[in-house]
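Overview (structure and organization)
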Amino acid sequence: MRTSKRPIKSGTTGKKLVDDLKPFGKLIQTTYRNDSLLSKPQLAKFSQTSRVMLGTIQKQIDTKLVQCPLDVTAITYCHDRRFMKLMAILPSGERYRVDELVEKLNELLLGDITEATFYQQQQPKVLEKSLPNDISDKTKRANQTLKQRLRQLTESKLQLTQQYQQLKVALSQKEKALCDQMILNQELTQKLETVCETNATYQFKIKKQQQEMGAIREQVRKKQTKIKQEQRTQLKPDTKHICPKTDNRALYKKIADLQLKLSLSQQHQQQMQQMKTTQAQQISRSERIRQLTSELNQTCVSEYHPLLRLVDKYNQLVSEDVVLWHQIQGRLVHDGDEWLFIDRQANEYLLTSEGMNGLLVEELTTAYYYSARQRLDTKFIRLIRQLNIPVTNERDVVKQVHESVEPMIEANYQVLIISWWGETVKNATQKLKRLGIKVVWLDPSDVNNDKIVHEMHKPQYDFQLIVLRGAHHEIVTAAHRLRRLGRCVKVANNPGVSAMVSFVREALKERCDHQTRV
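The sections below set out a description of the structure shown in this document. The residue count restarts for each chain, going from 1 along the sequence in the order it is written. Two thresholds apply to this predicted model, a pLDDT of at least 70 for residue-level local features and 80 or more for giving and counting side-chain atom pairs, whereas whole-chain, interface and lining totals are computed over all residues. Only hydrogens and water are removed before side-chain values are computed, so all heavy atoms of the structure are retained for them.

1. Details of the overall build of the protein
Broken down by element type, the protein carries 14 helices and 12 strands. Buried, partly exposed and exposed residues are distinguished by accessible area as a fraction of the type maximum, computed with a 1.4 Å probe on protein chains only: under 20%, between the cut-offs, and over 50%, respectively. Taken over 518 residues, the protein has a buried fraction of 25%. Accessible surface is estimated by sampling points in the Shrake-Rupley manner with a 1.4 Å probe; for residues, cover comes only from the protein chains shown. Per element, the accessible surface of the protein, about 38500 Å² overall, is 54% carbon and sulfur. Every helix listed is a DSSP run of H or I at least four residues long, and every strand listed is a run of E at least two residues long, numbered separately from the N terminus.

See the structure below:
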């Protein structure tokens, strides 16, 4: 596309502008149009820019206007809304259109007009001629916009009227349906009341008949007992003339019959006991344990006090102790009105009033670590005391621990960990990998027990760690069986990351020392 730079000329005469007036003329061409008005911000910006541009010709104007000097920076601008034009007001009070002011200033600088001609008031004939045309054009445009707006309003009114009629019909249908439903409900309530009344009458009749039948039964029973007593008195033999020997024989016969019945009842009782013992033997040991735990609840917990002896005996048979509470360390975090306890493994627990264990809320702080007791079954936290260990950044601590770990001798060790604590096992696996140890992790909540037991019997693992918390009874039993056979297996209660790493390192170190001695 071809473009060319044309010289800036005045709007009416078409004369070429002076070089100093060209920026002001260009400003008028770019920001001002005859058929629109400027907004307040645009008008303020136009006034500020015109003061700067016209300030360059102040000296030339002072040489031309001697008797009545003109300060171009004091020129103000406003809109004449009658003619829809932008007007310039001089300090002396004269009003000019902007393009006419540029033309006057250009002629004054070129020397075409004098000072008296410059201040002569402009004749408004041109404006009067152009006024009717501008007003008629704007009136036409306004009429067109009003007609278009009226058409839109008419269409929207028709649409709203149609929607109103549809909603009115739907409302009438719903009202009719509700009326029918109310009538039906009234009929049903009346029928229900009648049914209730009939039911009450029938119940009253039935009770009355039951009472009558009870009285009749009592009379019949009395008559039957009376008849039986009469029959017994008639059939009773006369024992006055019976020989005593025959009486003893009947007595001996009754005694023999009673002894036979007693022996038969004893045999039957022994058979029942044997059947009970065989049924008890058919139930597996794991099923008995499940029945015991399923029957344990809050009401019968006092009857289970011998379980403490069972725990002590279990601790004597296995190497690990079964406990309900274990001690942990962590820091406190204040979240609104609540306090959270975060342990070393970044597990969060909500502290209750019982969990604070008598410590005042005003004395709690987030700057030091705390020791606490945690219940293994319910994860309940109970604070013990504040430790003299300030809270540090966990990333720096993990970084120092990672940097302080030294890799072991490369021996291609392989370890099996069975636990349902995912985050703990993942952190321990990362540390063990830096030691050159390959770790296989199985989660009892995702993997079947048979598959886990089959994996435990494989000879490829140098050490097996089974976490008691979360492992099933079959897995723990298989672990103890493998340990008795000489395999390197350890059953731990609820170890953390550092405890898992220490268990593995100690076990593999003992294994390595044993191999070197052999």
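2. What to know about the pattern of salt bridges
For salt bridges, the criterion is a side-chain nitrogen of Lys or Arg within 4 Å of an Asp or Glu carboxyl oxygen. Using the criterion set out here, one finds 4 salt bridges in the structure. For Asp-99, the salt bridge identified is with Arg-97, shortest N-O distance 3.5 Å. For Arg-97, a relative accessible area of 11% corresponds to the buried category. Of the charged contacts in the structure, one is a salt bridge between Arg-511 and Asp-462, with a shortest N-O distance of 3.5 Å.

3. Thoughts on unusual backbone geometry
One non-glycine residue with positive phi stands out, namely Ala-346, at about 70°. Secondary-structure assignment places Ala-346 in the loop between β5 (338-343) and β6 (348-350). Positive phi is not limited to glycine here, since Asn-357 has a value of about 60°. With respect to the helices and strands, Asn-357 occurs in the loop between β6 and β7 (368-375). The class of Asn-357 is partly exposed, set by a relative accessible area of 44%.

4. Things to note about a negative patch on the surface
Patches here: salt-bridge-free residues with over 30% relative accessible area, like charges joined within 9 Å, nonpolar side chains (Val, Leu, Ile, Met, Phe, Trp, Tyr) joined within 5 Å. Counting rule applied: Lys, Arg positive; Asp, Glu negative; His and chain ends not counted. Note that the charge is assigned to NZ on lysines, CZ on arginines, CG on aspartates and CD on glutamates. On the surface, Asp-335, Asp-337, Glu-338 and Glu-348 cluster together into a negatively charged patch. Structurally, Glu-338 is set in strand β5.

5. Some details on the side chain of Gln-374
Position of Gln-374 among the secondary structure elements: in strand β7. Of the residues examined, Gln-374 reaches a relative accessible area of 3% and is grouped as buried. Distance and chemistry together define a polar contact, namely a pair of N or O atoms within 3.5 Å, with one atom able to donate a hydrogen and the other to accept it when in protein, and with adjacent residues in sequence counting only for side-chain atoms on both sides. Of the polar contacts made by the side chain of Gln-374, one reaches the side chain of Tyr-349; its length is 3.2 Å.

6. Points about helix α1 (residues 22-31)
Here α1 has its buried residues at Phe-24, Gly-25, Leu-27 and Ile-28. Down the axis of α1, the smallest arc covering the buried residues is 155°, so these residues share one side. Opposite the buried face of α1, at more than 90 degrees from it, the exposed residues are Lys-26, Gln-29 and Thr-30. Residue contacts follow a heavy-atom distance rule, with two residues in contact if any of their heavy atoms lie within 4.5 Å. Where α1 is buried, its residues contact α2 (40-54), β1 (76-80) and α4 (98-110). By arc we mean the arc of the directions from the helix axis to the C-beta atoms, nothing more.

7. Quick word on a nonpolar patch on the surface
A contiguous nonpolar patch, built from Met-213, Ile-216 and Val-220 and spanning about 250 Å² of accessible area, is present on the exposed surface. Within the secondary structure layout, Ile-216 lies in helix α6 (residues 125-235). Accessibility expressed as a relative area gives 45% for Ile-216, which makes it partly exposed.

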